[in-house]
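Fold and contact review
Okay, here's what each chain looks like letter by letter:
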Amino acid sequence: APLGMNDSHYVLPDAAQPRIVKRAPDNPSAGLDDPAFHATPWACAGLLTTALDLAIFGQMLLNRGVYADARLLSPATVHAMTRNQIPGISAYKDGEFFPEAAWGYGWDVCGDKKAMYDGALYSPAAFQHSGAGGVNLWVDPTYELVGVYFSVVLGNTADGFHRVSPVDLF
């Protein structure tokens, strides 16, 4: 509420049900359409939101915890959440090796990695978080950018990547 994110819910109100993306029954993410899922406040993969609300949240992080006149987080908290908390730790993800994994608290920190699926134009300070059904939020403090991408997972490719379709927002 302090950010004006009026279209974000952990438990979806009945009035918002018609606005939810509907997936085919054989879609790998079809469970996200289940009314029982919408009625349960999940801690992981449970936020139902709009692109505008997600952009507001990203802007609050870009502003180091402030949006409009509301401070939700301290600058120290935002910094701790979005900096590399595992320096020197390598990882494999989707068949690609990263000499330094670079994860914050819930955020994929770009650091020096240039993942084949994320592009190479992020600054090392950028951070992102992907959602279960094909949603992505990224924030780049160096370039002062917030990006939101909504898509629908259609299935998986043979090498484990999602095939997606952009969501028509208008």
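Residues numbered from 1 in each chain as written. Predicted model: local features only at pLDDT ≥ 70, side-chain atom pairs only at ≥ 80, totals over all residues. Heavy atoms only, no water.

Things to note about the overall build of the chain
Counting secondary structure elements, the chain contains 3 helices and 9 strands. Ordered by position from the N terminus, the helices and strands of the chain form the series α-α-β-β-α-β-β-β-β-β-β-β. Counting every position in the chain, which comprises 170 residues, the buried fraction comes to 36%. Taking all contacts inside the chain whose residues are at least 6 apart in sequence as the whole, residues at least 24 apart take part in 35%. Of the accessible surface of the chain, which amounts to about 10000 Å², a share of 60% is contributed by carbon and sulfur atoms. (Helix = DSSP H or I, 4+ residues; strand = E, 2+ residues; numbered from the N terminus. Buried < 20%, exposed > 50% of the residue type's maximum accessible area, 1.4 Å probe, protein only. Contact = heavy atoms within 4.5 Å. Areas by Shrake-Rupley, 256 points an atom, 1.4 Å probe, with all protein chains shown as cover.)

Concerning the layout of surface pockets
Considered as a void within the structure, the largest pocket measures approximately 1300 Å³ in volume. Taken together, 43 residues form the lining of the largest pocket, with Leu47, Leu48, Thr49, Val135 and Phe150 sitting closest to its centre. Elements with a minimum of two residues in the lining of the largest pocket: α1 (35-38), α2 (51-62), β6 (127-130), β7 (135-140) and β8 (145-156). Grouping the constituent residues of the lining of the largest pocket by class yields 25 nonpolar, 13 polar and 5 charged. (1 Å grid on protein atoms, 1.4 Å probe; cavity = no way out; pocket = protein on both sides within 12 Å on 5 of 7 lines; lining within 4 Å. Points joined across faces, edges and corners; volume = space filled by probe spheres on them. Nonpolar A, V, L, I, M, F, W, Y, C, P; charged D, E, K, R; others polar.)

Structural notes on the nonpolar core
Ranked by size, the top nonpolar core spans 15 residues in total, and within it Leu3, Leu61, Trp107 and Phe127 carry the most contacts. Among the elements of the structure, α2, α3 (75-82) and β7 are those that each provide at least two residues to this core. If one sorts the elements of this core by residue count, α2 sits on top with 6 residues. Beyond its immediate sequence surroundings of up to four residues, Leu3 is in contact with Ile56, Phe57, Met60, Tyr67 and Leu72. (Core = buried A, V, L, I, M, F, W, Y, C linked by side-chain atoms within 4.5 Å.)

Structural notes on α3
Looking at α3, one finds that the buried residues are Val78, Met81 and Thr82. Down the axis, α3 shows its buried residues gathered within 80 degrees of arc, on one side only. Relative to its buried face, α3 has exposed residues pointing more than 90 degrees away, namely Ala76 and His79. Buried residues belonging to α3 abut α2, β5 (108-109) and β6. (Arc of directions from axis to C-beta.)

Brief notes about the packing of aromatic side chains
One pass over the full model with this rule turns up 3 aromatic pairs. Summarising the aromatic geometry, the rings of Tyr92 and Phe97 are spaced 5.0 Å apart at their centres and angled 55 degrees between planes, so their arrangement reads as tilted. An angle of 80 degrees between the planes, with centres 5.2 Å apart, marks the rings of Trp107 and Phe127 as edge-to-face. Of this pair, Trp107 sits in the loop between β4 (96-98) and β5 while Phe127 sits in strand β6, placing them 20 residues apart in sequence. (Phe/Tyr/Trp six-rings, centres within 6.5 Å; stacked < 30°, edge-to-face > 60°.)

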